[in-house]
Amino acid sequence: MLVRMEELNAKEKETYRQKAKGIMTFRYLDGPELDRLVATASLLRYGAEEPVTAEGDLDPFFFGILEGTVSVTVRENEGRDVYICSLGPGDVFGEAGIFLNVKRTATVTALGDCVLLRLHRKDLSSFIKDQPQAGNKMLLVVIYGLLRKLRAANQELAFERKADMDQGDIDALIADMTGN
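Residues numbered from 1 in each chain as written. Predicted model: local features only at pLDDT ≥ 70, side-chain atom pairs only at ≥ 80, totals over all residues. Heavy atoms only, no water.

Caption draft 1: Focus on unusual backbone geometry. Positive phi, normally seen in glycine, also occurs at Glu49, with a value near 65°. Positionally, Glu49 belongs in the loop between β2 (42–46) and β3 (51–53). A relative accessible area of 64% places Glu49 in the exposed class. (Helix = DSSP H or I, 4+ residues; strand = E, 2+ residues; numbered from the N terminus. Buried < 20%, exposed > 50% of the residue type's maximum accessible area, 1.4 Å probe, protein only.)

If you want it as structure tokens, here you go:
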């Protein structure tokens, strides 16, 4: 049964404040900085198999996972979904939306009950403007995380290129098999 996303109330939100410290992006914020950021964020509960974001959508939100696990998929040209990875507590997604007004590159779906922290770009920008030292700490962690994802993608591409056979390899294989 699909549960509709619901926003947590103020009392529930307070119980998740400490879990927000476990999100890598917020790890270096002090207590008052974290409190201010969590106060501007929405904390949302999703049910199993409920979509969080859809590939191709244009939305300005950054997400941090407080509880549960989400699945990240992309749609191939043939129209089928391809699993990319799962993300769990402490992980983030939607970082590009902090910097650019870009379409989502993947679909994110709750695998079970999840609680996510969602920040709008304008709220994050306001936080950074009002708290530049805290904002710089956060942005450095976001940039580091994006660079790690880029490095992993580059390594995967390099591996795929090595695994691909070029025409010379195919010609040699056929010549070897046919005795020519």
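Text resumes after the structure shown.
Caption draft 2: Highlighting the pattern of salt bridges. Tallied over the entire structure, the rule returns 10 salt bridges. Taking the shortest distance from any N to any O, the salt bridge between Glu12 and Arg45 comes out at 3.6 Å. Taken together, the residues span a long stretch of sequence, with Glu12 in helix α1 (residues 10–20) and Arg45 in strand β2 at a distance of 33 residues. Ionic pairing is found between Arg36 and Asp130, a salt bridge with its closest N-O pair at 2.8 Å. Linking Arg36 in helix α2 (residues 31–40) with Asp130 in helix α4 (residues 121–130), this pair joins segments that are 94 residues apart in sequence. Since its relative accessible area comes to 29%, Arg36 is described here as partly exposed. For Asp130, a relative accessible area of 42% puts it in the partly exposed group. Because the salt bridges share partners, they merge into one network encompassing Glu6, Glu12 and Arg45. (Salt bridge = Lys/Arg side-chain N within 4 Å of Asp/Glu carboxyl O.)

Caption draft 3: Inspection of the packing of aromatic side chains at higher detail. Applying the stated criterion across every chain, the model contains 3 aromatic pairs. Judged by centre distance (6.3 Å) and plane angle (65°), the ring pair of Phe26 and Phe62 falls under edge-to-face. Within this pair, whereas Phe26 is found in the loop between α1 and α2, its partner Phe62 is found in strand β4 (residues 61–67), the two being separated by 36 residues in sequence. Each member of the pair, Phe26 as well as Phe62, is classed as buried. (Phe/Tyr/Trp six-rings, centres within 6.5 Å; stacked < 30°, edge-to-face > 60°.)

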